[in-house]
Amino acid sequence: MELSLTPLNEWGLPVKNLLLSAGPCSAESEEQVMATAKGLADSNISFMRVGLWKPRTRPGSFEGVGIEGLDWLTRARDEYNIPIGIEVATPEHVEACLKHNIDIVWIGARTTPNPFAVQAIADALKGTDMPILIKNPISPDIELWLGAIERMHAVGLKKIGAIHRGFSSSRQSIYRFAPNWKIPIELKRRLPEIPILCDPSHICGKSELIFSVAQEALDLLYDGLMVEVHIDPTKALSDAEQQLTPKQYHSLVDRLTLKRELSDSQEFKTRLKELRTEVDHIDNNVLELLGKRMEIVQDMWALKLANNVSALQPHRWKEIIKSRIEAGQDLQLSENFIFQLFQGIHEEAIRQQADTTDEI
Ligand code: PEP
Ligand code: MN
């Protein structure tokens, strides 16, 4: 689906090369909001992010100050000339933001997966030109993410972006939420017009990991960042471990380097073309070999069928995985990659055997 969207630099927010957002997980008090805004005042951010209504996974944690915080935020905006962005989860939140001329809103990871909530927010925004960012759903389900974006587009909104904030996973990891980069990369392939921001704070869960994830996002040509910044993270009422001080945020942005999609250098272009030709050639060989492998699998299937033998051979499959992982190690190919690669090949082989059952 092709979306007709307004480019980021026409959203009415200060945007240099990136859409940069920083601010506290939650507004906690007027003093905390004003001090954080002061700390961020000269950092060229596009907007200060602040949570007023906090959707908590379990009840009993700090659930946000609610509507009361809107006056603090408008004061911070007027005093420090910083646009303000807020998470919205209901039409009432949207109404309150519109009434206070909030500059941008976003939908959180626990709201995106609910089509009723998303539609209600879209309906409340209909007829406005409010910029809106959609965080990925917590579960790694790209269709729900796309669906929420499409619902916003369908009511006529044109300033729409996506935020990659990581995904829940059953695997143990250093991250709070697994980055699972292939999902936002696939989102960009399906909707090339959509700007994508990275929220390294919720991915990492720990402030010391934020730089590497933020840099990785920029290396993948993301359009911006959303980073949690608190005047005193140790005292934060939510997400204390992942928030940076304004000083740490300044240092983060200073250290990040921007990649560009292409270079004008003729030497670069010629060499890149050569290397790409080599890669194309190798990929063709890989595909041809895979095709041949599947043909042999078909012969094997005919043989198995004639002898009343099952398509799946658990011992053989175990042996394949073991030997291919060992072979991959000599080629610097990770165990995880080899496992996933052969899982895909094996699945296709089984599928093809099932498909041809009628014909053999
Ligand atoms: C937040 O931005 O503070 C937040 C609650 O994030 P998420 O919806 O990504 O969990
Ligand atoms: Mn948070």
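The structure this text deals with has already been given above.
**Student:** Could you give me a rundown of the sheet that holds strand 7 (residues 196-198), with the residues and numbers involved?
**Tutor:** The strand order 1-2-3-4-5-6-7-8 describes a closed barrel built from eight strands, whose pairing is parallel. Strand after strand, the sheet turns through a mean of 25 degrees between neighbouring axes, direction not considered.

**Student:** Can you tell me about the coordination of the manganese ion (ligand 2), naming the residues and giving the values?
**Tutor:** Around a metal, the perfect tetrahedron of four donors has angles of 109.5 degrees, and the perfect octahedron of six donors has angles of 90 or 180 degrees. Surrounding the manganese ion (ligand 2) are the protein donor atoms Cys25 (SG), His202 (NE2), Glu228 (OE) and Asp239 (OD), which sit 2.1 to 2.4 Å from the metal. Each donor residue of the manganese ion (ligand 2) lies on the same chain, and together they follow the pattern C-x176-H-x25-E-x10-D. Of this pair, Glu228 sits in strand 8 (residues 224-228) while Asp239 sits in the loop between strand 8 and helix 9 (246-255), and the two are eleven residues apart along the sequence.

**Student:** With reference to specific residues and values, describe the nonpolar core.
**Tutor:** If you look at the biggest cluster of nonpolar residues, it comprises 72 residues, and the most contacted ones within it are Met48, Ile132, Ile149, Met152, Leu187 and Ile194. Among the elements that make up this core, the one with the highest residue count is helix 5 (residues 142-154) (six residues). Core analysis: the next-biggest nonpolar cluster, separate from the first, contains eleven residues, Phe47, Ile104, Trp106 and Leu133 among them.

**Student:** Hey, could you go over the packing of helix 1 (residues 30-40) against helix 2 (residues 69-80) for me, with residue numbers and the actual values?
**Tutor:** Between helix 1 and helix 2, whose axes approach to 9 Å, the crossing angle comes to 30 degrees. Taken together, the axes of helix 1 and helix 2 are roughly parallel relative to one another. As for the relative orientation of helix 1 and helix 2, their crossing is right-handed in sense. When helix 1 is examined against helix 2, the residues Glu30, Val33, Met34, Ala37 and Lys38 are found in contact with a partner set consisting of Trp72, Leu73, Arg75, Ala76, Glu79 and Tyr80. Tallied by class, the residues present in the contact of helix 1 with helix 2 amount to seven nonpolar, no polar and four charged.

Analysis parameters
Residues numbered from 1 in each chain as written. Chains lettered and ligands numbered in written order. Predicted model: local features only at pLDDT ≥ 70, side-chain atom pairs only at ≥ 80, totals over all residues. Heavy atoms only, no water. Pairing = 2+ DSSP bridges. Helix = DSSP H or I, 4+ residues; strand = E, 2+ residues; numbered from the N terminus. Axes fitted to C-alpha atoms, helices over the stretch in contact; angles between N-to-C directions. Donors = N, O, S within 2.8 Å, 3.2 Å for Na, K, Ca; no water. Core = buried A, V, L, I, M, F, W, Y, C linked by side-chain atoms within 4.5 Å. Buried < 20%, exposed > 50% of the residue type's maximum accessible area, 1.4 Å probe, protein only. Parallel < 35°, antiparallel > 145°, perpendicular 65-115°, else oblique. Left-handed = near helix turned anticlockwise from the far one by under 90°. Contact = heavy atoms within 4.5 Å. Nonpolar A, V, L, I, M, F, W, Y, C, P; charged D, E, K, R; others polar.

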